[in-house]
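Each chain, written out:
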Amino acid sequence: MSEHGKISADTPDWSRERCREFWDPGRRLLRSIRCYQVARKRHSPWRWLSKYWVLQHRFWSVVTGADIPLNCEIGGGLLLIHPNGVVIFPGSIIGPNCLAFQQVTIGTGGPKPGAPVVGGNVTIGAGAKILGGVTIGDHARIGANAVVLQDVPRGATAVGVPATIVAGGKHYELAGDLSLSLYSET
Ligand SMILES: CC(C)(COP(=O)(O)OP(=O)(O)OC[C@H]1O[C@@H](n2cnc3c(N)ncnc32)[C@H](O)[C@@H]1OP(=O)(O)O)[C@@H](O)C(=O)NCCC(=O)NCCS
């Protein structure tokens, strides 16, 4: 158990991804990615099934309008409650047990070159954009419609465009570093 509640930032909770019914688009899409990646592993006996998972992935991608590539690096336990419009750049890294709402974009752009690295148990609100080589700490929360262009420390809440940290009713500017002490109060 973590200090931020029961959801771990390190150990994937695979039950979050288990399909509850046939029409479960977010989980079906993730399942096609997981099964494809297992099938493509070297010496996998399921290699011959990979084309089937590619077709499944295409079908659920059309249904959801999401663009989550087959080769992306996503920790187990990702929740896509409303998967529509979720876009993840293939070079991004996402930790275990994250939650992303609709229209989330995790990709390149912004002042920092590279792709985002998102920690474990990070909640990303609807319409939020995380752009460039930023690092989002474990248990962080990204507000709806935020545009994150700088690192967000562990457990912090970032809101707005460009995103700033909110803590104790105050707003802090992100200083491009994971230490809260480097934030300047605005
Ligand atoms: C970011 C979030 C988690 C913060 O929740 P919280 O810790 O309870 O924070 P508060 O509501 O106390 O807000 C703290 C401050 O941030 C501001 N704020 C909160 N969310 C914001 C957002 N998305 N954009 C801009 N500002 C926001 C509040 O106005 C408040 O500002 P103030 O201190 O100047 O009054 C939440 O507001 C959020 O955006 N959740 C995403 C929900 C979502 O996407 N739902 C989709 C359902 S389908």
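Conventions used here
Residues numbered from 1 in each chain as written. Predicted model: local features only at pLDDT ≥ 70, side-chain atom pairs only at ≥ 80, totals over all residues. Core = buried A, V, L, I, M, F, W, Y, C linked by C-beta atoms within 7 Å. Buried ≥ 20, exposed ≤ 12 C-beta atoms within 10 Å, placed from the backbone. Helix = DSSP H or I, 4+ residues; strand = E, 2+ residues; numbered from the N terminus. Pairing = 2+ DSSP bridges. Expected span 1.5 Å × (residues − 1). Arc of directions from axis to C-beta. Contact = placed C-beta atoms within 7 Å. Near = placed C-beta within 6 Å. Nonpolar A, V, L, I, M, F, W, Y, C, P; charged D, E, K, R; others polar. Axes fitted to C-alpha atoms, helices over the stretch in contact; angles between N-to-C directions. Parallel < 35°, antiparallel > 145°, perpendicular 65-115°, else oblique. Left-handed = near helix turned anticlockwise from the far one by under 90°.

A. Here's a closer look at the nonpolar core. Of all hydrophobic cores here, the largest spans 36 residues; its most connected members are Ile124, Ile130, Ile142, Val148 and Ala158. Put simply, the parts of the chain that give this core at least two residues each are helix H1 (25-39), helix H2 (50-64) and strand S8 (129-131). The dominant element in this core, judged by the number of residues it contributes, is H1, at 4 residues.

B. Inspection of unusual backbone geometry at higher detail. With omega at -15°, the peptide bond leading from Val161 into Pro162 counts as cis. Within the secondary structure layout, Pro162 lies in the loop between strand S12 (157-159) and strand S13 (164-167). Positive phi, normally seen in glycine, also occurs at His139, with a value near 65°. Mapped onto the elements, His139 comes out in the loop between strand S9 (135-136) and strand S10 (141-142). The phi torsion at Asn145 lies on the positive side, around 65°, for a residue other than glycine. Asn145 sits in the partly exposed class, given 15 other C-beta atoms within 10 Å.

C. Region of the structure containing the sheet that holds strand S5 (residues 105-107). Here 4 strands make up an open sheet; going across it, the order is S2-S5-S8-S11 and the pairing parallel. The sheet is open, and its two borders are formed by strand S2 (87-88) and strand S11 (147-148), each paired with just one other strand. Inspection of the sheet shows S8 paired to S11 by 2 bridges, in the parallel sense. Following the sheet pairing, Ile130 is matched in S11 by Val148.

D. The sheet that holds strand S6 (residues 117-118), seen in detail. Strands sit in the order S1-S3-S6-S9 across an open sheet of 4 strands; the sheet is parallel. Since the sheet does not close on itself, it has two edges, and those belong to strand S1 (73-74) and S9, each with one partner. Two strands pair when backbone bridges link them, and strand S3 (residues 93-94) and S6 are joined in this way by 2 bridges, in the parallel orientation. Its bridge partner being in S6, Ile93 is matched across the sheet by Val117.

E. Expanded view of H2. When the terminal C-alpha atoms of H2 are compared, their 21 Å separation across 15 residues agrees well with the 21 Å that a helix rising 1.5 Å per residue should span. All of the buried residues along H2 are Trp53, His57, Trp60 and Thr64. Taken around the axis of H2, the buried residues stretch over an arc of 75°, which confines them to a single face. Opposite the packed face of H2, turned more than 90 degrees from it, sit the exposed residues Lys51, Leu55, Arg58 and Val62. In this structure, the buried residues of H2 make contact with H1. Just downstream of H2 lies Gly65, where phi reads positive at about 70°.

F. Broad picture of the site of the ligand. Close to the ligand lie 13 residues, the nearest being Gly125, Ala126, Gly143, Ala144 and Val159. Here the residues of the shell around the ligand sort into 5 nonpolar, 7 polar and 1 charged.

G. Region of interest: the packing of H1 against H2. Running from N to C, H1 and H2 cross one another at 155°; their axes reach a closest spacing of 9 Å. Taken together, H1 and H2 sit at an angle that is classed as roughly antiparallel. In this structure, H1 meets H2 at a crossing whose hand is left-handed. Only Ser50, Trp53, Val54, Gln56, His57, Trp60, Ser61, Val63 and Thr64 of H2 make contact with H1, whose side of the interface consists of Pro25, Gly26, Arg28, Leu29, Ser32, Ile33, Cys35, Tyr36 and Ala39. Looking at the contact of H1 with H2 residue by residue, the classes come out as 10 nonpolar, 7 polar and 1 charged.

H. Here's a closer look at the pairing of S13. Direction of pairing for S12 relative to S13: antiparallel, over a ladder of 3 bridges. Within S13, the residue paired with Ala158 across the bridge is Ile165. Between the antiparallel neighbours S12 and S13 lie 4 residues, among them Gly160 with a positive phi of about 95°.

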